[in-house]
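An overview of the molecular structure
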Amino acid sequence: MHAFTFVRASDPRSAIAAHATDRGVAFIAGGTDLVGLIKDRVTRPGRLIDINTLPAMDAIDARSDGSLHIGALARMSDVAAHPAVRRRTPVVVESLLLAASGQLRNMASIGGNIVQRTRCAYFRDGDGLPCNKRTPGSGCSALHGLNRSHAIFGWSESCVATHPSDLAVALTALDAAVHVRGLRGDRMIAFSEFHRLPGDTPEKDNVLERGDLIVGIEVPARAEARASHYLKVRDRQSYEFALVSTAAAVAIDGRTIQSVRLAMGGVAHRPWRLAAAEAALRGLSLDDRAGLRAAIATSFTNAQPLARNAFKVELAQRCALRALQTAGERA
Ligand SMILES: Cc1cc2nc3c(=O)[nH]c(=O)nc-3n(C[C@H](O)[C@H](O)[C@H](O)COP(=O)(O)OP(=O)(O)OC[C@H]3O[C@@H](n4cnc5c(N)ncnc54)[C@H](O)[C@@H]3O)c2cc1C
Ligand code: SF4
């Protein structure tokens, strides 16, 4: 049994200062990831600061310019049910509703969702087995082990894990940004810069520093966002993480693609943007299936599957194509 103290945050400034100066402090929001990690002995914080008491951090603000601000303490279910979020960004709503379970979504916060840790079984359950993310320098059991659900892009010899958040994939496609408050004040971090590739420091999932508190998410108004879709492929149809997933958003003229955003989950240590495919898709007809497929393939020339997950290379391309076509039907 791991003992810790539990305090309620009285204000952001003192919560941030406490987190910055004591490595044993962890923020807790819904607790749906953190408590599991404590039970699995992945992390052993000495003090939990409950941030649910911080004011105004659960607000969802639909601005008149079409952008959205989603407070870090807004619950997944509340965001998914919000009328403006549903109207402006179907891809965000679908990514939320395809995640976890109804009860979890009622508890789980948006801030906690985007910093949840990988579901690699060696990391979660592999007490004693080498895992560089859990115990830096110990090795990676998945590299030559059970790696069916692991990365095909951007991995290193140190770690081949994938990022688990569905929402983060949707927000990456929409060029959202994370609003962070730290010791030196407020800053915005683009989603594309927020999560890290493992390199030789896989213990770091993202660019947050000690003392950083996620205040909310900024989702800009984008022409593509209304015609958007999140497609998640998984081993069972509910209550399961993605094998691969795609967030697609598209603006069309007639049937011709004007601009498109594609991001994938389940393929890398961070949400993976298909930048080459986005460029190649511009100007193609949504009815040109072979052309769409060839354009998507341009983002897979550097895929590096592991021993047990080569199937993901084909599956991911099919997933991207289907997500794009469904988004296109909504335009
Ligand atoms: C069985 C199960 C199935 C799941 N399936 C899915 C799924 O399919 N797809 C999916 O995307 N997710 C899934 N999840 C993950 C779930 O969405 C996350 O656990 C949840 O979103 C985390 O939010 P929380 O508020 O509970 O975070 P907590 O557990 O409270 O915190 C998680 C981490 O975030 C930090 N944190 C929280 N808020 C802040 C903040 N404002 N600023 C800085 N740091 C903060 C905490 O310190 C902690 O490190 C699943 C979880 C479970 C248990
Ligand atoms: S893939 Fe990453 S999380 Fe999984 S065992 Fe290897 S180092 Fe650990």
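What you see is a predicted model, and the numbers here were worked out from it, not measured in a lab. (Residues numbered from 1 in each chain as written. Chains lettered and ligands numbered in written order. Predicted model: local features only at pLDDT ≥ 70, side-chain atom pairs only at ≥ 80, totals over all residues. Heavy atoms only, no water.)

**Structural notes on the pattern of salt bridges**
Scanning all chains against the criterion turns up 23 salt bridges. For Asp-50, the salt bridge goes to Arg-8, with nearest N and O atoms at 3.5 Å. Of the two residues, Asp-50 sits in strand 3 (residues 47-50) while Arg-8 sits in strand 1 (residues 5-8), which places them 42 residues apart along the sequence. In this structure, Asp-166 and Lys-232 form a salt bridge, with 2.8 Å as the shortest nitrogen-oxygen distance. (Salt bridge = Lys/Arg side-chain N within 4 Å of Asp/Glu carboxyl O. Helix = DSSP H or I, 4+ residues; strand = E, 2+ residues; numbered from the N terminus.)

**Some points on the site of ligand 1**
For ligand 1, the set of nearby residues contains 31 residues, the closest of which are Phe-27, Gly-31, Thr-32, Ser-109 and Asp-166. Between an oxygen atom of ligand 1 and a side-chain N or O atom of Ser-109, the distance comes to 2.6 Å. Contacts to ligand 1 include Gln-116, whose side-chain N or O atom sits 3.1 Å from a nitrogen atom. Surface burial for ligand 1 is 90%, taken as the share of its 970 Å² of free accessible area covered by protein chains. When contributions to the shell around ligand 1 are tallied by element, the ones reaching two or more residues are strand 2 (25-28), helix 7 (110-114) and strand 8 (213-219). Sort the elements by how many residues they give to the shell around ligand 1 and helix 7 lands first, with 3 residues. Across the shell around ligand 1, the residue classes break down as 17 nonpolar, 9 polar and 5 charged. (Near = heavy atom within 4 Å. Polar contact = N/O pair within 3.5 Å; in protein donor to acceptor, adjacent residues only side chain to side chain. Areas by Shrake-Rupley, 256 points an atom, 1.4 Å probe, with all protein chains shown as cover. Nonpolar A, V, L, I, M, F, W, Y, C, P; charged D, E, K, R; others polar.)

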